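Chains, contacts and geometry: an overview
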Protein chains: 4
Amino acid sequence: MAVIVNLIAGTPDAARIVAAAAKICYSPSGAVDILDGLTEDKTESFLKMLRDSGHLSPFEHASYTFAVEGLSRVASHQLVRHRIASYSQQSQRYVGMSGQTCIMPPSVAQNEEARKLFEEQTARAWACYEKLVELGVQREDARFILPHGAETRLVMTMNARELHHFFALRLCKRAQWEILELARQMLLLVREASPEIFGVAGPSCITLGRCTEAHPCGSPYSGMEEMLSA
Amino acid sequence: MAVIVNLIAGTPDAARIVAAAAKICYSPSGAVDILDGLTEDKTESFLKMLRDSGHLSPFEHASYTFAVEGLSRVASHQLVRHRIASYSQQSQRYVGMSGQTCIMPPSVAQNEEARKLFEEQTARAWACYEKLVELGVQREDARFILPHGAETRLVMTMNARELHHFFALRLCKRAQWEILELARQMLLLVREASPEIFGVAGPSCITLGRCTEAHPCGSPYSGMEEMLSA
Amino acid sequence: MAVIVNLIAGTPDAARIVAAAAKICYSPSGAVDILDGLTEDKTESFLKMLRDSGHLSPFEHASYTFAVEGLSRVASHQLVRHRIASYSQQSQRYVGMSGQTCIMPPSVAQNEEARKLFEEQTARAWACYEKLVELGVQREDARFILPHGAETRLVMTMNARELHHFFALRLCKRAQWEILELARQMLLLVREASPEIFGVAGPSCITLGRCTEAHPCGSPYSGMEEMLSA
Amino acid sequence: MAVIVNLIAGTPDAARIVAAAAKICYSPSGAVDILDGLTEDKTESFLKMLRDSGHLSPFEHASYTFAVEGLSRVASHQLVRHRIASYSQQSQRYVGMSGQTCIMPPSVAQNEEARKLFEEQTARAWACYEKLVELGVQREDARFILPHGAETRLVMTMNARELHHFFALRLCKRAQWEILELARQMLLLVREASPEIFGVAGPSCITLGRCTEAHPCGSPYSGMEEMLSA
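Attention here is on the structure that accompanies the text. (Residues numbered from 1 in each chain as written. Chains lettered and ligands numbered in written order. Predicted model: local features only at pLDDT ≥ 70, side-chain atom pairs only at ≥ 80, totals over all residues. Heavy atoms only, no water.)

**Some words on the interface of chain A and chain C**
- Across the contact, 49 residues belong to chain A and 49 residues belong to chain C.
- Both faces considered, chain A and chain C share a buried interface measuring about 4100 Å² in area, 60% of it formed by carbon and sulfur atoms.
- When residues of chain A are sorted by the area they lose upon contact with chain C, A:His77, A:Phe144 and A:His148 head the list and together hold 18% of the total.
- Applying the counting rule to chain A against chain C returns 0 salt bridges.
- Joining chain A to chain C, the criterion identifies 21 residue pairs in polar contact (both at pLDDT 80 or more). (Contact = heavy atoms within 4.5 Å. Buried area = accessible area lost by both parts, 1.4 Å probe. Salt bridge = Lys/Arg side-chain N within 4 Å of Asp/Glu carboxyl O. Polar contact = N/O pair within 3.5 Å; in protein donor to acceptor, adjacent residues only side chain to side chain.)

Dropping the structure here:
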C-alpha cells in the first residue's frame, strides 16, 4: 500500500495570474489590462525572473488542492506542521477503523523477518481495537491502541509559494521516505497543471546546483529527472 | 472614481471541493470517490449544514483572486491587515504617480465647498510631488507628500473561510464606506461564482438575524437584498 | 500517566501591555506614556471592555510558552492543527522510544478486561519495536508499529487571543478528554500568571452564558469553578 | 522627527527557552529537566548550532513587543505586510490628526528648495484637513487629504524567527530608508535583551558573508558594526 495523490482542484490559468499579480507591483496599469497583454512566452520568462530574484509572494495567488490516501498518521502528523496550508482529515473519532490498514515501511517489507513481525503485530492491534469497541470503549479511545502507521485520508490545499517551500524541504533525500514520496507525487501533478510555475522545484541541490544543508546527504540529485523518478 | 473589482480567478467547482473535503472527515471513503457521489443538491444542503454547525475549515479549500483598482491607500492599509490572504500591490517606489489621482470620499463630493478645497489641495499635492522629483528627490521619497487617499491597485487572494470573516466585519454598516463598497463588490462576484458557498454572508444582522456588535448601528440590514444594493 | 503542563515563559506584565496596545488605537499618545498611566484597576476594566466589544487583536501581544509531557500522539496530532501557535516536539526519528509508554484512556483504565487487553497489546507493541530495531530497521520506520497513544513531549507557544480561541473549543465538554485536560491545566496556569486576561475563558456556556454549539452536550458548565475542577 | 522605538516586553530568559524547545526535539527528557541543565555557555553554543543548521522554528518561542512612534504611514503600510506579527495602530478614524506632523525624508530635508516646498505643502494639507472637519466632514474622510507621510504610532509583536527574517530583508541597504532605520533600532534593542539570539542578524552580506540578492547594492556592510551605526 503506497500513498496515492490526486490533484482535485487548482487555480485556472495559474501562471498568468501569478505573472499579472507580480507585474502590478511595477506597472501603472491594472491587473485586467496586464492579463490581456500576457502571452505564454512573456509569462514564462517573467516567472523565471521572479524566482531568480526571490520575489516569491506573487506565487501565493495560485492554489492547489490534493486528495491523499494511503498515508500513515506518522506522515500526516509531520505534514500538518506546515501551517500555511489547509487540511481536512479523516477523523478517528467519527470513522470506525475496522477494515483499514497500517502503512508498512519499505525497510520492513524488504526484511522477511521484520515483515512477518510487523504483520502479526498489526493484525493483533486491529483485533484489540475491535475487542475494545465490543467491550464498550468508544472508538475515539480504542484508537489509542492502533499503530501510529495506520492509514489516513485527507484533502489539503497549498499555494504555489508554500509548495515550493514544501518541495525544498521534503524532496531532500534526508526527508522521511513517506513524505518524500508524497511530495514527489504532488510535484508531478502540479508540474502537469502549471509547468511554468513548477519547472524547477526541489531541494537546493536542484534549485541552486549545490547543497545548502548543514548535514548533506552526500549524493545530491543529478537533476529533476532523477528526483522525479526516485 | 470608485473602486472597481474583477474576479480574475477562483477554484473551479468550488462548492463540491469544499463539500468533499468536509465529508472526508466523517467518511471511510477517499475524496475522489466522495466527489463522484456529490450531486448539486447534496452539495448545497451539506454546505448549509457545515455553516450552521460552525465547521468552517473546509471552506479554506476554495480560493478567489480579485483585481482591485480605484481604491485609496487609506483603504488598502486597512485591507492588508487581514493577514490570512495574499496581496500584490502597486509600488509607489517603482511606479511614478504622475497622472494618478486621489479617491474623494462621498461626504466631500456632496459638499460644494469641501469638494473645491479637496480638489485644489489634491492638485497642489501632485504639483509638489512632480516638483520634488524634478529637484532630484527619488519617487519613493516624493510620495510622502501625496495624499493618503491616493489611488492604488492590487491583486488579492482570499479563501472562502476568510472571505466569510471579511464580509462579516466589512459589510457591517459601521465599517469604513470604501472598504464596505469593496466588500460589497467582492461578495457580488463570489456569489455569482459560487452561489452555494456565499448564499448567506455578511454581518450578524444578516447571518444570525440579530446584531452581536457591542455598539450596534441601530439600523440593521433588512436582508441580503438591501445589503447587496447598498 | 496523565498530562503534565508547566508554564515556562510568559510576557511580563502582560495585562498592561495588552491594555496599552489597545489604547494606542484610540489615543493621541504613544504607548510608553500610556503604559505610565495604567493602574491595575484601569487595566482590568479596560480589558473587560475589550473582550465584551470583541476587539481581540490586542490580546495577541501577550505570549505564553508551555512545556507538555504525558500527552499522547493522538492528542498532539489534534493540537498542532492550531496553526497560530509554535511547536517544538520530541522526534520519533531521532529519539529512541524504548522505555516510553502509551497513554491509557480513562474509559479503558476503568474496565478491567479492556485494561488488561490494552496493557498486553502495548507491551507487545514495544517488544515488536525493539525487535525491529534489532533487525536493523531504523527507528523512524520501527515507530510505525508503536501505538498512536504513545506519549510525546513538546514545547508550545500561543498568544492570549489564540489561547482564548483554544479554550473556547477545547474546554467544551464535547472535546476529546485528553485535549480538554490539557486545556484545563493550561488555563489554570495562565489564570495565575495573568488573571486580568483570563478571568473569563472557555466555551460559550461560560463566556456567553448559553451554548452556541450546533449539537449541545446537554449539561453546560455551571460556572468557571466546575470547569476548572472538572 | 525620526522614528523612536521602545522594547516594552520580551520573553524572559528567551535564549534558554529557545534552546530548551530545540533540545526537546532530540532528547528523551522533558523541557523542565532540560531547562535545569542549560548553562549560559551551553545555551549560546547550541543556539549558534541551530542557526547554522537552519533549524529556525524554536526561535518562534521568544516574542518581543515594540512601541513605535514617529513612523510615517508610508512605512507602516509596508510594515504590516509582514503577516506573522501582531499590530495595534493609532486609528485615523478615531483620533484627530490636528497637531500631528508629516515625516520628512532626509533627501528632502537636505535640499533647501525641496524642504521649503514640502513644509508649505504639509502645512496646507493640515489646514485643509481642519477646514474639512469644520465643514462637517468626518475625520475618517478628512484624513484622505493628509499626506501619506503623516506620522503614526503603533505597538508591534514579533517572534525571534520572524525578526530574523525581518532584519534580513529590511536591514539590506536597498530597503526603504525609514523601515531600515526602524529595523536598526529594533535590532539594537533585541540584541541588548537577548544577545545570544541576535548576536548575528541582518542581510546575507552579514549572515553569509556574501550577497544573495538578484540586484546587489554594490557596497555590502563590512560587518555588524557598520550596520548598527548606519
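Right, picking up where we left off after that structure.
**Digging into the sheet that holds strand S3 (residues 86-89) of chain C**
Residues and elements named next belong to chain C.
- Taken together, 4 strands build an open sheet; the order of strands is S1-S2-S4-S3 and the sheet is antiparallel. If you trace the sheet from one side to the other, it starts and ends with strand S1 (4-10) and S3, each paired once. Averaged over all pairs of adjacent strands, the angle between their axes in this sheet comes to 20°, without regard to strand direction.
- Pairing of S3 with strand S4 (residues 151-159), which is carried by 4 bridges, proceeds in the antiparallel orientation. Bridge pairing in S4 links serine 86 to threonine 157. (Pairing = 2+ DSSP bridges. Helix = DSSP H or I, 4+ residues; strand = E, 2+ residues; numbered from the N terminus. Axes fitted to C-alpha atoms, helices over the stretch in contact; angles between N-to-C directions.)

**Observations regarding the pattern of salt bridges**
- Taken as a whole, this structure holds 48 salt bridges over all chains when the rule is applied.
- In this structure, B:Glu69 and B:Arg153 form a salt bridge, with 3.8 Å as the shortest nitrogen-oxygen distance. Here B:Glu69, found in strand S2 (residues 63-72), pairs with B:Arg153, found in strand S4 (residues 151-159); they are 84 residues apart in sequence, far enough to count as distant.
- Under the relative-accessibility criterion, B:Glu69 is labelled buried at 18%.
- For B:Arg153, a relative accessible area of 14% puts it in the buried group.
- Here D:Glu120 makes a salt bridge to D:Lys116, at a shortest N to O gap of 3.4 Å. (Buried < 20%, exposed > 50% of the residue type's maximum accessible area, 1.4 Å probe, protein only.)

**Quick notes on the relation of the copies chain A and chain C**
- Once chain A is rotated about the relating axis by 180° and shifted along it by 0.0 Å, it coincides with chain C to within an RMSD of 0.0 Å. These values place the two chain copies in the arrangement generated by a two-fold rotation axis.
- Here 100% of the interface residues in chain A have copies in chain C that are interface residues too; the copies meet face to matching face. (Least-squares fit on C-alpha atoms with pLDDT ≥ 70 in both.)

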